[in-house]
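Given next are the chains, with one letter for each unit.
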Amino acid sequence: MKRYLDCSASELANIEKDDLIYAIRASEGRILVSECIGAIPPLLNNITNAELAASQGADILLLNLFDVSAPVINGLPAGIDPQETLRELQRLTGRVIGVNLEAVDPAHASQHDEFWQMTPGRAATADNARKLYEMGARIVVLTGNPNNGVSNQAIAESLNLIRAEVGDKLVLITGKMHGAGIVRESGSALLTEQDIALFVDNGADVVLVPAPGTIPGMTVERVAALIDFTHQRGALAMTAIGTSQEGADRETIRQMALMSKMAGADIHHIGDTGYAGLALPENIFTYSVAIRGVRHTYSRMARSINR
């Protein structure tokens, strides 16, 4: 059992849930998750957005808009079997792979034709979670994209079913980065202590909390209180930038990184729409340096995937 900071690709390739949680916890707030979209053309044409994120120091790669029923990661080498896309991405990057699933509330489901529109293969179901595990994912994040009508109650209900199916295999992260189409669950009402208790009681290993400065009312003090409550309930906490501020200037990213660390984050998340599909690469690097300095950042960047 090692800190994630010190793990190489061979150690992460088949890491089991309990060891992964230990590795994250032992890294003491210095683990960076970069969210990426593989369903659109990548920034570098024939190189996946996830590979670009990994090159800038990301420890864990989180795929958004990944459809289990029609797996696509643009930029992978030609000829990869769709069912092998996640394993191939892990092989190319040496990183643990996570995937978002969305728990749409029937009472708030929204029909739209925007970029984020829901598909059955992205729904937070036990069957989809099991398929993701079989494809090579080791983390599932239950959250919501804009306008899809994802509620905290629906997340908890889906989480309960997923925990029963794969809760001993997958690290389960729950929470929202923004309202996800439900106005009453936005701003300072986005996440409460009652929501956190509901998540943990239904099997959350990690609770997702908006990073300070991303959501109106989510100050350092408020986020710190939510994280303290999460820790008291025995779960880890991940702060998230999901408001397109991953495309802000570097100084803003440094402030958010340090505020998240002051608030008590065990894991730091940076979102996928600096442009479309990825945070600004320089902001991934900036965030990494802010929470752990150049030594650990360069170590993650330089460590060969053949180790």
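Before reading on, note that the structure itself is shown above.
This report concerns the structure included in the present document. (Residues numbered from 1 in each chain as written. Predicted model: local features only at pLDDT ≥ 70, side-chain atom pairs only at ≥ 80, totals over all residues. Heavy atoms only, no water.)

As for the overall build of the protein chain
Okay, so step 1: Scanning the protein chain for helices and strands turns up 10 helices and eight strands.
Okay, so step 2: Here the protein chain has a C-alpha radius of gyration of 17 Å; the compact-globule value for 307 residues is 19 Å, and the two agree.
Okay, so step 3: C-alpha extents for the protein chain along the principal axes are approximately 45 × 40 × 35 Å.
Okay, so step 4: By the burial criterion, 58% of the 307 residues in the protein chain qualify as buried.
Okay, so step 5: The long-range share in the protein chain, meaning contacts at least 24 apart out of those at least 6 apart in sequence, stands at 77%.
Okay, so step 6: Accessible surface, the protein chain: about 11,800 Å² in total, of which carbon and sulfur atoms supply 50%.
Okay, so step 7: Separation between the mean location of the 26 positive side-chain charges and that of the 35 negative ones in the protein chain comes to 7 Å. (Helix = DSSP H or I, 4+ residues; strand = E, 2+ residues; numbered from the N terminus. Rg over C-alpha atoms; globule rule 2.2 N^0.38 Å. Buried < 20%, exposed > 50% of the residue type's maximum accessible area, 1.4 Å probe, protein only. Contact = heavy atoms within 4.5 Å. Areas by Shrake-Rupley, 256 points an atom, 1.4 Å probe, with all protein chains shown as cover. Lys, Arg positive; Asp, Glu negative; His and termini not counted. Charge placed at Lys NZ, Arg CZ, Asp CG, Glu CD.)

Some words on the pairing of strand E8 (residues 267–270)
Okay, so step 1: Burial along E8 is two-sided: Ile-267 and His-269 facing one way and His-268 and Ile-270 facing the other are all buried.
Okay, so step 2: Two elements, strand E1 (residues 31–37) and E8, share four bridges in a ladder whose sense is parallel. Bridge assignment links Val-33 to a residue of E8, and that residue is His-269.
Okay, so step 3: Here strand E7 (residues 236–241) runs beside E8; their pairing, made up of four bridges, is parallel. Across the sheet, Thr-239 pairs through a bridge with His-268, a residue of E8.
Okay, so step 4: Chirality of the crossover, the property in question, places the unit of E7, helix H9 (residues 250–263) and E8 among those that are right-handed. (Pairing = 2+ DSSP bridges. Right-handed = clockwise from strand over helix to strand, strands pointing away.)

Points about a nonpolar patch on the surface
Okay, so step 1: Where nonpolar side chains cluster on the molecular surface, the patch consists of Leu-43, Leu-44, Ile-47 and Tyr-275 and spans about 370 Å² of accessible area.
Okay, so step 2: Among the structural elements, Ile-47 can be located in the loop between E1 and helix H3 (49–55). (Patch = residues over 30% accessible without salt bridge, like charges linked within 9 Å, V, L, I, M, F, W, Y side chains within 5 Å. Salt bridge = Lys/Arg side-chain N within 4 Å of Asp/Glu carboxyl O.)

Notes on unusual backbone geometry
Note: most residues except glycine have negative phi, and most peptide bonds are trans.
Okay, so step 1: The phi dihedral of Leu-65 is positive, around 60°, even though this residue is not glycine.
Okay, so step 2: Mapped onto the elements of the fold, Leu-65 is located in the loop between strand E2 (60–64) and helix H4 (85–93).
Okay, so step 3: Its identity as a non-glycine residue notwithstanding, Ser-244 has a phi of 65°, on the positive side.
Okay, so step 4: Among the secondary structure elements, Ser-244 is positioned in the loop between E7 and H9.

Read these as geometric descriptors, not functional statements.
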